[in-house]
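Structural overview for review
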Amino acid sequence: MRDFELNLTPEEESLKQYKYMEKAKLLVAEKEKELGRKLTFHVTTFGCQMNARDSEKLVGILSEIGYVEAEDERADFVIYNTCTVRENADNKVWGRLGYLKSYKKQNPETIIGLCGCMMQEQGVVEKIEKEYKHVNLVFGTHNIYKFAELACKTLQSKGLVVDVWKENDKIVEDLPMKRKFSFKSGVNIMFGCDNFCSYCIVPYVRGREKSREPKDIIREIERLVADGVCEVMLLGQNVNSYGKNLEHPMSFADLLREVNKIEGLERIRFMTSHPKDLSDDLILAMKECDKVCGHMHLPLQSGSDRILEIMNRHYDKAKYLDIVRKLREAVPDIAITTDIIVGFPGETEEDFQETLNVVKEVGYDSAFTFIYSKRTGTRAAKMDNQVPTDVVKDRFNRLLEEVQTISAERAKRHEGKVMPVLVEGINEHDNSLVTGRLENNLVVHFKGTEDMIGKIYNVKLSECKGFYYLGELA
Ligand code: SAH
Ligand code: SF4
Ligand code: F3S
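Read on for a plain summary of the structure. Keep in mind the model is a prediction, meaning the values are calculated, not measured.

About the thresholds
Chains are numbered independently. Their residues run from 1 in the order of the written sequence. Lettering for chains starts from A, numbering for ligands starts from 1, and both go in the order in which the items are written. Side-chain atom pairs in this predicted model are given and counted only at pLDDT of 80 or more, local residue features only at pLDDT of at least 70, and totals for whole chains, interfaces and linings cover all residues. For the side-chain quantities, the full set of heavy atoms in the structure was used; hydrogens and water were omitted. Note on definitions. A residue lies near a molecule or strand when any single heavy atom of the residue is within 4 Å of it. Residues are sorted three ways: Asp, Glu, Lys and Arg are charged, Ala, Val, Leu, Ile, Met, Phe, Trp, Tyr, Cys and Pro are nonpolar, and all the rest, Gly among them, are polar. Each polar contact in these results corresponds to two N or O atoms within 3.5 Å; when the atoms are within protein, one needs to be able to donate a hydrogen and the other to accept it, and residues that are neighboring in sequence are counted only if both atoms are side-chain atoms. What counts as a helix is a DSSP run of H or I of at least four residues, what counts as a strand is a run of E of at least two, and both are numbered from the N terminus. Cavity and pocket criteria rest on a 1 Å grid covering protein atoms alone: a 1.4 Å probe that fits but cannot get out defines a cavity, protein on both sides within 12 Å along at least 5 of 7 lines defines an open pocket, and an atom within 4 Å of a point defines a lining residue. Grid points are joined across faces, edges and corners, and a volume is the space filled by probe spheres set on the points. When DSSP finds two or more bridges between two strands, those strands count as paired. Our working definition of a disulfide is a cysteine sulfur pair at a distance within 2.5 Å. Ring pairs shown here join Phe, Tyr and Trp side chains whose ring centres sit within 6.5 Å, with only the six-membered ring taken for Trp; geometry is labelled stacked below 30 degrees between planes, edge-to-face above 60, and tilted in between. For every residue, the accessible area (1.4 Å probe, protein chains only) is compared with the maximum for its type, and the residue is labelled buried under 20%, exposed over 50%, or partly exposed between those bounds. Here, a charge over a ring means that NZ of Lys or CZ of Arg falls within 6 Å of the ring centre while also lying within 35 degrees of the ring normal.

If you check the shell around ligand 3, you find Cys48, Asn51, Cys83, Thr84, Val85, Cys117, Arg206 and Gln237 and nothing else. Grouping the constituent residues of the shell around ligand 3 by class yields four nonpolar, three polar and one charged.

This is how it looks when you write it as structure tokens:
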């Protein structure tokens, strides 16, 4: 039976999970003694920033109960936090599971756990039960907060533990998390999605839209700042509809204003903004709030009004371009980035030309381009006018070339300027250099040392190398 059916409040549920952590700690300690060594874990994350943040929750709990992180999947507790937004995301997981099968033959004690969006997809659990018998634990996106309890169960059981829910309207706060970066962090402001774009599986696997209470978000960010974080990325599938269903509704623009007040925080980013819900007030808030980065990720998906309509996006090319114009008016030099899908069912060469036109007109700083992938259960999957693969590939290549030419051109415009850079780490190829990011998300390499990580420096952008800069401390 689901525990929320026992009517536990989210606070009681959180306490219950801490009890399970205590129990799991004992089980792990016992095993350690038996083996005479520490137990190790490895979490592999697929997909978007939401999944990355979820993985930090898993890592937090695994660390809390006594596991230490291993460098790769040769570990005692292996977790794949999966994505299913496109078919190739699924294929990667099936492939990796195949590899783990032989590893587990030699290390039968290894626990293999699967979670995330793919587990919510029809037929996946059945396929695992039938064909991937080396898997020990399967859970979904709605009950990830129960991971401590599920880990306990798995540690004590020989068979497969499965717990996947269809929906959950509660948000459990205050569980342990272990951040990947010391100085920056994602922060969920909402979960799920109500938009049902006709190509997209996310609403089916992440459930209905739920916003977190502003006070919980602010408290989390205050704690992060106290712990050394200076940049946050506010996360939601459609941040522009944040707060609509709260008991005391609050707009995303007002949330930004509140977050902007947090002392010690230096940079605020957010993702993703759906054009249909982007308000003038948000543009104003971006202009007013000094900590909000001059960057807007604004998925276009298609430049054709006809296709946008069938995609169920609720905006047209004119509205989209109008938002871009307003953003540029309010925040000069703002970086605009996007997502584009090529080969949506029924897309003609003319439709594609419309997309290319918008790409040229906006001049994106960067764009993620995707080949349409048919997702079972979505409306688009039932459309019978799928575009032939060779046509899609040809369009995709033409789009990519256009996008790359424009973004290299755009990046150049800052050459010679002095701009603030947040140092993120030592350069991977040359350890006399550090690597950091501009407010607009472009990467900069310059001479520096490890103690500079997590701090902001003024850097002269001496040379643009297409997608990154070489600079020097100003
Ligand atoms: N909520 C975000 C997008 C999340 S998914 C938004 O509305 O913008 C990230 C991107 O994946 C989408 O913007 C879209 O471009 C792409 N995508 C989603 N479903 C897809 C599919 N079936 N095939 C190809 N790309 C897809
Ligand atoms: Fe998918 Fe559309 Fe929701 Fe984004 S807004 S997650 S594309 S359904
Ligand atoms: Fe993938 Fe789920 Fe994110 S399907 S893109 S991991 S919400």
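This brings us to the site of ligand 1. Of all residues adjacent to ligand 1, which total 15 residues, the nearest are Gln237, Pro299, Gln301, Asp339 and Ser373. Residue aspartate 339 places a side-chain N or O atom 2.7 Å away from an oxygen atom belonging to ligand 1. Take serine 373: an N or O atom from its main chain is 2.8 Å from a nitrogen atom of ligand 1. Counting residues per element, the ones that place at least two in the shell around ligand 1 are strand S13 (335-342) and strand S14 (366-371). Grouping the amino acids of the shell around ligand 1 by side-chain chemistry returns seven nonpolar, four polar and four charged.

If you add up the space inside the second largest pocket, you get close to 690 Å³. If you go around the second largest pocket, you meet 31 residues; those closest to its centre are Lys57, Val172, Glu173, Asp174 and Met177. Partitioning the lining of the second largest pocket into residue classes produces eleven nonpolar, five polar and 15 charged.

Another point: the sheet that holds strand S2 (residues 68-69). Strand order in the open sheet formed by six strands is S2-S1-S3-S4-S5-S6, with parallel pairing between adjacent strands. Edge positions in the sheet fall to S2 and strand S6 (161-163), since each of these pairs with one other strand and no more. Of the strand pairs in this sheet, strand S1 (residues 40-45) and strand S3 (residues 77-82) are connected by five bridges, and their pairing is parallel. Opposite valine 43, over in S3, you have isoleucine 79 as the bridge partner.

As used here, a disulfide is simply a covalent bond connecting the sulfur atoms of two cysteines. Per the counting criterion, the structure on display carries zero disulfides. Cysteine 464 takes part in no disulfide bond, and the closest cysteine sulfur to it belongs to cysteine 293, at a distance of 19 Å.

Scanning the entire structure with this criterion turns up twelve aromatic pairs. Taking 5.7 Å as the distance between ring centres and 70° as the angle between the ring planes, the aromatic pair formed by phenylalanine 344 and tyrosine 372 counts as edge-to-face. Here the residue phenylalanine 344 occupies a position in the loop between S13 and helix H12 (349-362), and tyrosine 372 occupies one in the loop between S14 and helix H13 (389-411), the gap between them amounting to 28 residues. Its relative accessible area of 0% is what places phenylalanine 344 among the buried residues. Judged by its relative accessible area of 12%, tyrosine 372 falls in the buried class. Taken together, Tyr67, Phe77, Phe139 and Phe147 form an aromatic cluster joined through their ring pairs. The positively charged end of lysine 184 is found above the aromatic ring belonging to phenylalanine 181, 4.7 Å away from the centroid.

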